[in-house]
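What follows is the residue order along each chain.
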Amino acid sequence: QVQLVESGGGLVQPGGSLRLSCAASGNIARISVMAWHRQAPGKQRELVATMVTSGGSTTYADSVKGRFTISRDNAKNTVYLQMNDLKPEDTAVYYCRARALTSGYWGQGTQVTVSS
């Protein structure tokens, strides 16, 4: 089992920045991919960014390329999502997800609201 706890969401003005954190615990040695997803009201959950734990390769949704960065701190078992130049359309609940062997694990989500 893997437990994930997100933090760092909040209210920010357009053009501002936020950094989300996802702290992992449990059987973390089995995690092969970490990812951030988001779900806006009335919309389907979408993939935002991924990181392969072995090697650290990353991918991003076209809508966030150049603005968001996924990174990790192995010593803290934590994955981050640095979000810059935020736009109102980035407003959503952001979820951390871990893939371990054939299982997927979700965090509880953290709300990000971009508004003036």
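This text follows the structure it describes.
Every chain's residues receive numbers from 1 upward, in the order its sequence appears when written. Per-residue local features are limited, in this predicted model, to residues with pLDDT of at least 70; the limit for side-chain atom pairs, both in listing and counting, is 80 or more; totals at the level of whole chains, interfaces and linings are taken over all residues. Heavy atoms from the whole structure form the basis of all side-chain values; hydrogens and water molecules are not counted.

S.K.: Mind showing me how you'd approach the overall build of the protein chain here?
M.R.: Under the DSSP-based scheme used, a helix requires at least four consecutive residues in state H or I and a strand at least two consecutive residues in state E, with every element numbered from the N terminus. For the protein chain, the count of helices and strands is zero helices and 11 strands. In sequence order, the protein chain lays out its α and β elements as β-β-β-β-β-β-β-β-β-β-β. Throughout, the radius of gyration refers to the C-alpha atoms, and the reference size of a globule is 2.2 Å times the residue count to the power 0.38. Here the C-alpha atoms of the protein chain give a radius of gyration of 13 Å, agreeing with the 13 Å that 2.2 N^0.38 yields for 116 residues. Partly exposed describes any residue whose relative accessible area lies between the buried limit of under 20% and the exposed limit of over 50%, with all areas from a 1.4 Å probe on protein chains only and scaled to the type maximum. The buried share among the 116 residues of the protein chain stands at 40%. The contact rule is simple, with two residues in contact once any of their heavy atoms fall within 4.5 Å. Within the protein chain, counting contacts between residues at least 6 apart in sequence, those at least 24 apart form 50% of the total. Residue-level accessible areas treat just the shown protein chains as cover; the underlying method is Shrake-Rupley with a 1.4 Å probe. For the protein chain, the accessible area works out to roughly 6100 Å², and carbon and sulfur atoms hold 47% of it.

S.K.: Help me understand the environment of G109, please; the structure alone is not making it clear to me.
M.R.: Assignment of secondary structure puts G109 in the loop between β10 (103-106) and β11 (110-114). Given the relative accessible area of 15%, G109 is considered buried. For the pair G109 and H37, spaced 72 residues apart in the sequence, the C-alpha separation amounts to 9.2 Å. Excluding residues within four positions of it along the chain, G109 makes contact with E6, V93, Y94 and Y95.

S.K.: Sorry, what's going on with the nonpolar core here?
M.R.: Where a protein is soluble and globular, its nonpolar side chains tend to be buried together. The nonpolar core is taken to be a set of buried Ala, Val, Leu, Ile, Met, Phe, Trp, Tyr and Cys residues, with the residues joined through side-chain atoms within 4.5 Å. Core analysis: the largest hydrophobic core is formed by 30 residues, its most contacted members being L4, W36, L81, M83 and Y94. Sorting the residues of this core by element identifies β1 (2-7), β3 (18-26), β4 (31-39), β5 (46-52), β7 (68-73), β8 (78-83), β9 (92-100) and β11 as the ones contributing at least two each. Among the elements that make up this core, the one with the highest residue count is β9 (five residues).

S.K.: Just checking my understanding: could you explain unusual backbone geometry for this structure?
M.R.: Excluding glycine, a negative phi dihedral is what most residues carry, and trans is how most peptide bonds are arranged. In this structure, N77 takes a positive phi of about 50 degrees despite not being glycine. Residue placement: N77 occurs in the loop between β7 and β8. Positive phi, normally seen in glycine, also occurs at D85, with a value near 50 degrees. Secondary-structure assignment places D85 in the loop between β8 and β9.

Purely geometric stuff here, so don't read any function into it on its own.
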